[in-house]
Amino acid sequence: MVSSGIDLHVVEDKKKERTARFLRGLKSKRDKSQTQYQYLERNSELINIIRVQMQMSEAMDACIRRRLMQLATRRMCELTDIPQISLGLLNSVFKTDFSHEKSYIHWKSRQALVLEELLCYSTNAVAPEHLTAKCSLEKIRNSKLQEWDTTMTPSERAEVLSTIKHVALKLSSLHGHVSIESENYYWTTGYHLNIRLYEKLLLGMFDVLDEGQLIEEADEFLTHIKLTWTKLGITEKIHHAIFGWVLFQQFAATDEATLLEHAIVELQKVTSAENDNEEERLYIDSLACSRECDGAEIKLSLLEAIRISISIWCDSKLQDYHLHFSQQPGNLRRVMSLVSTVGILTSDSKLTRSHVSSEDAAVILKSYVERSIEAAYGRVASTVELESKVEKKHPLAFLANELSLIVNREIKVFYPVMRQWCPESGMIVAKLLHQIYWERLSIFLNEVSCLSEDVKQVLPAAGSLDNDLRQLYATACEGNNQDLQHYPIGEIAKPIILDWVIAQHSRILEWTGRASDFEDWEPLSLQQRQAASVVEVFRIIEETVDQLFGLKLPIDITHLQALLSIIFHTLDAYLQKVLNQLVEKNHLYPSAPPLTRYTETTIPVMKTKLLESKVLDNNVLNKLDHLTISKLCVRLNTLKFSSYCLQYIQKQMDLLEGGIRESWVRVRHYDNKNCAKEERQGTTCNEEVDELFVTTFNIIRDTSSSAIGKICEFIGARIVFWDLRDAFLSSLYRGNVADARLESVLPHVDTVLDDICGLVDDALRDLVVLSACRATLEGYAWVLLDGGPSCAFSDSDIVLMEDDLTTLKEFFVADGEGLPRSLVEQEAKVVEQILGLYSLQTESVIQMLMTASEQISLGLDSHEHGRMNLINVHTLIRILCHKKDREASKFLKRHYQLPMSSDYEDTSSRDSTPRSPYVSDFMKRSTSFRWNTKGQTSFKSFKKRLQEATSEIRNVGW
């Protein structure tokens, strides 16, 4: 009737229409005409939409509408029910009205089935009438014989319809079951058909192309559908129930969440509606249904049947909500809301509300959680063997990882929803998974003895699962200070991790030794000036660190101590190897020439003596051949790179420290006694870690800095006393000061320093230049005091030498671009003091020598607060030996019997003998010299004291 566009009204409806028509007549004709036109146009559009949604062809719609119009005209003042409509259509619609015979047969059969449902199965129809109606309907429905359309005449067909009509009119005249207004006989007896028809109408509100969406005109569609309520026996409460059921079914078919939300709203309207009046309650209860539940058939009302059907569906989904809501977890909350609306089906086939105070509901909700997590575990366990082989993982590790995914999803997705209805759901999941996995893990842990590949996979995965389970349990406890018993991962892992770390020690030392033994001390590239060995050493260290923390196992202070001990010993061994490849600096210094007195000769004399020298050992020479300036610079860069790498390792350790501390948090949970003991002693793990890092890396940095200083000193000494020995020591001031000035030496020094600055790291440049400055000043002092028989200085030469010293200082200051002037001045103080002694009168120098010798004979030394005065016997004698002064020569001949300088052939050679005590003292960077007075005896006379002093000086080697 809705699709025909005809509204059927009772008398009361006509009165309302006349009243509305009277009010509309008060409006202007223009407004009336326009409004009526718009209404008819919109109504026509909506009827066409309904036709399309009900999947009715235009031809069929026109035919049915025309016949209904005719029927409505003849029965304007009569009540029209469904049997009357079907009989009227069968009497006026023929085979020729259909384009296809098959469509006609289907239409005719539907009409016959409708009449059979309403008339033949009525409890009020007597047996003869029942059989007569059924036989007549069989003639209409029988498509094989086609008796109705071909054999029977129109009068015969009319007689058949009249027989059926007689039965229909008799039943239509009966009163309703509960005497509700507008109720007719077919409300109750034909409610199965009425409900199906109403469902079909409601389904027309959904988009034909997308059944998960309502059409835009759904509200207007529903308004027209409601016009059928009086014909189909639908009340508002029944409408909400059926509409909620239809929406729910569409959701179940399409998984469209908005449909479920609409369904919940409709079903909530049913449960939240005010108490029905007695007649409506009796009417709804009379709509009896039957349903098989647990093998038994139970009788239900329509509303109960809808609720139980929905509840059974929800029960089937909630039994494994981890599976059914994995793709759209938001639907879990909606389904739980749906369950709260319709109720939970208990064991006695009754519905109970799913609130926390209901014991029956609480038991069922807990069973949902248990069964769902068991099902989730079962799916993982069934594939663990195959999947673990594919991913090449131990089955227990694979299982732990999969269970961690389930737990994390439980924490983030399912528990926040389930806690509203089942607060213990999180604890149930955590306990159940914890117990299930422990049954398999405990067997594995009993066989763990070393850090095998299986152990490396299983223990971290089990530890991670343990943390996730305890996090879920703690979250579910909501601050009740309850904790889930942990897996003993830390206790099992601690000794085997320590054994593994200790085992790495020898391996790393072996690799370190091999890397340094094969090192040729050539730079990696122009940009990377360090040696390849140090890169390899730190690669090994970083690899070990990454392996340890990559285990992802609980680590405590013991493991950290072992790790840092390995790092310390590895780098210390490497630094010691670098230093051991050096030679002693004393091998670089030339032999000390004999002490002579200056003698001025005008006639050339035969040189009768040669300077004594000692040849260096071959091993020393081989080492020196490999200790070139370029290779020494690479060593410096390497040590500096070590410092940089230490900083890098420190930064990496800072990042890793967070992970270490997290592990300690777990370890402290494992051993509360140790934790309490630490707190009583006032120490914390953080303080111990800080102390370990500071101590270890500071020692390594100090060792590295010390090694850098030693190599820098070696480079400076090699430049002056080995590489530039001929150009510097053997040439400066030889024969005549004026002809062998320092200006001829400085270009050589400048060239060497320029090469070095191009080789070393910028951060090392000042250190190397400072070392060269010290060595140059040391060499200059060596020329002044041990220049040999060919070096003698007059008073006038001292002025030139002081100018040379000034030039030398300015050379290293380099107009402010070199070393700081204050530093250079400090380093040059010793040489300035020596030149100051040369400036003194000979008598003053002799007097100072006698005083110093007397102090030695009396057992007194020249120490002053741990330091020594430059004015000592060794320095003063050498001043006198190199002075061009007759008084000095006579004094030395008379008291020390020193030979003449003209007796020696002065040749330089690269050899090694014990160096001068002056050089030894100068290397200690003191402003004065040290002197060992052991072995001295007292003298009875001044002359003997001088002679003993002279004898001692002669026996002291350089």
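Residues numbered from 1 in each chain as written. Predicted model: local features only at pLDDT ≥ 70, side-chain atom pairs only at ≥ 80, totals over all residues. Heavy atoms only, no water.

K.L.:
Even after reading the chapter, I still don't get the overall build of the chain, so can you show me in this structure?
P.N.:
Counting its secondary structure elements, the chain contains 40 helices and eight strands. Relative to its full complement of 958 residues, the chain shows a buried share of 47%. Relative to all contacts within the chain whose residues are 6 or more apart in sequence, the contacts with residues 24 or more apart total 76%. When the accessible surface of the chain is split by element, carbon and sulfur atoms take 51% of a total near 48,200 Å². (Helix = DSSP H or I, 4+ residues; strand = E, 2+ residues; numbered from the N terminus. Buried < 20%, exposed > 50% of the residue type's maximum accessible area, 1.4 Å probe, protein only. Contact = heavy atoms within 4.5 Å. Areas by Shrake-Rupley, 256 points an atom, 1.4 Å probe, with all protein chains shown as cover.)

K.L.:
Even after reading the chapter, I still don't get the pattern of salt bridges, so can you show me in this structure?
P.N.:
Close approach of charged atoms allows side chains with opposite charge to pair. For the structure shown, the criterion picks out 16 salt bridges. We note a salt bridge from Arg67 to Asp97, for which the minimum N-O separation is 3.2 Å. Residue Arg67 is located in helix 3 (residues 58–74), and its partner Asp97 is located in the loop between helix 4 (82–92) and helix 5 (101–120); the two are separated by 30 residues in the primary sequence. With a relative accessible area of 13%, Arg67 lands in the buried category. Where Glu266 meets Lys269, a salt bridge forms, and the shortest distance between an N and an O atom there is 3.7 Å. Linking Glu266 with Lys269, this pair stays in helix 14 (residues 257–272), spanning three residues, or about one helical turn. Taken together, the shared-partner salt bridges in this structure form one network comprising Lys809, Glu825 and Glu832. (Salt bridge = Lys/Arg side-chain N within 4 Å of Asp/Glu carboxyl O.)

K.L.:
I tried to follow the packing of aromatic side chains on my own but got confused; where do I start?
P.N.:
By convention here, two paired aromatic rings are described through the distance between centres and the angle between planes. Within the structure shown, the criterion is met by 14 aromatic pairs. Aromatic side chains Tyr733 and Phe793 sit 5.9 Å apart centroid to centroid with 80 degrees between the ring planes, which places their arrangement in the edge-to-face category. Taken together, the positions of Tyr733 in the loop between helix 30 (725–729) and helix 31 (746–759) and Phe793 in the loop between helix 32 (765–786) and helix 33 (795–813) put the pair 60 residues apart, joining distant regions of the chain. The pair formed by Tyr733 and Phe793 is uniform in burial state, with each residue classed as buried. An aromatic cluster is defined as three or more aromatic residues linked by ring pairs; in this entry it consists of Trp245, Phe248, Phe251 and Trp313. (Phe/Tyr/Trp six-rings, centres within 6.5 Å; stacked < 30°, edge-to-face > 60°.)

K.L.:
Which parts of the structure should I look at to understand the packing of helix 10 (residues 191–203) against helix 11 (residues 218–225)?
P.N.:
A pair of packed helices is characterised by two quantities: the angle between their axes and the separation of those axes. Orientation of helix 10 relative to helix 11, taken along the N-to-C sense of each, is 160 degrees, at an axis distance of 10 Å. Here helix 10 lies roughly antiparallel to helix 11, going by the angle between them. Handedness of the helix 10/helix 11 crossing: right-handed. Contacts between helix 10 and helix 11 involve Tyr198, Leu201 and Leu202 from the former and Phe221, Leu222 and Ile225 from the latter. (Axes fitted to C-alpha atoms, helices over the stretch in contact; angles between N-to-C directions. Parallel < 35°, antiparallel > 145°, perpendicular 65-115°, else oblique. Left-handed = near helix turned anticlockwise from the far one by under 90°.)

K.L.:
What should I look at first to understand the environment of Leu835 in this one?
P.N.:
Counting through the fold element by element, Leu835 comes out in helix 35 (residues 829–838). In this structure the C-alpha to C-alpha distance between Leu835 and Leu805, which are 30 residues apart in sequence, comes to 9.4 Å. Apart from the residues lying within four places of it in its own chain, the contact partners of Leu835 are Leu784, Ile798, Met801, Glu802 and Leu805.

K.L.:
Where do I start with the side chain of Ser794 in this structure?
P.N.:
Take Ser794: it is sitting in the loop between helix 32 and helix 33. Here Ser796 takes part through its side chain, which lies 3.0 Å from a polar atom of the side chain of Ser794. (Polar contact = N/O pair within 3.5 Å; in protein donor to acceptor, adjacent residues only side chain to side chain.)

K.L.:
Is there a simple way to explain helix 14 in this structure?
P.N.:
Side chains of residues three or four places apart in an α-helix project in the same direction, reflecting 3.6 residues per turn. With 16 residues, helix 14 extends 22 Å from end C-alpha to end C-alpha; this agrees with the ideal 22 Å at 1.5 Å per step. Here helix 14 has its buried residues at Ala257, Leu259, Leu260, Ala263, Ile264, Glu266, Leu267 and Val270. Residues of helix 14 that are buried make contact with helix 13 (236–254), helix 16 (302–318) and helix 18 (330–342). (Expected span 1.5 Å × (residues − 1).)

K.L.:
What should I look at first to understand helix 18 in this one?
P.N.:
Helix length check: helix 18, at 13 residues, gives a terminal C-alpha distance of 19 Å against a target of 18 Å (1.5 Å per residue), a fit within 8%. Buried residues of helix 18: Asn331, Leu332, Val335, Met336, Leu338, Val339, Ser340, Thr341 and Val342, and no others. Residue Gly343 follows helix 18 closely and has a positive phi angle near 100 degrees.

K.L.:
Help me understand the packing of helix 14 against helix 18 in this model?
P.N.:
Their axes nearest at 9 Å, the elements helix 14 and helix 18 cross at an angle of 15 degrees. Taken as axis vectors, helix 14 and helix 18 run roughly parallel relative to one another. Considering only the axes of helix 14 and helix 18, their crossing is left-handed. Residues Ala257, Leu260, Glu261, Ile264, Leu267, Gln268 and Thr271 of helix 14 form the contact with helix 18, whose participating residues are Asn331, Arg334, Val335, Ser337, Leu338, Thr341 and Val342. Counted by class, the contact of helix 14 with helix 18 contains seven nonpolar, five polar and two charged residues. (Nonpolar A, V, L, I, M, F, W, Y, C, P; charged D, E, K, R; others polar.)

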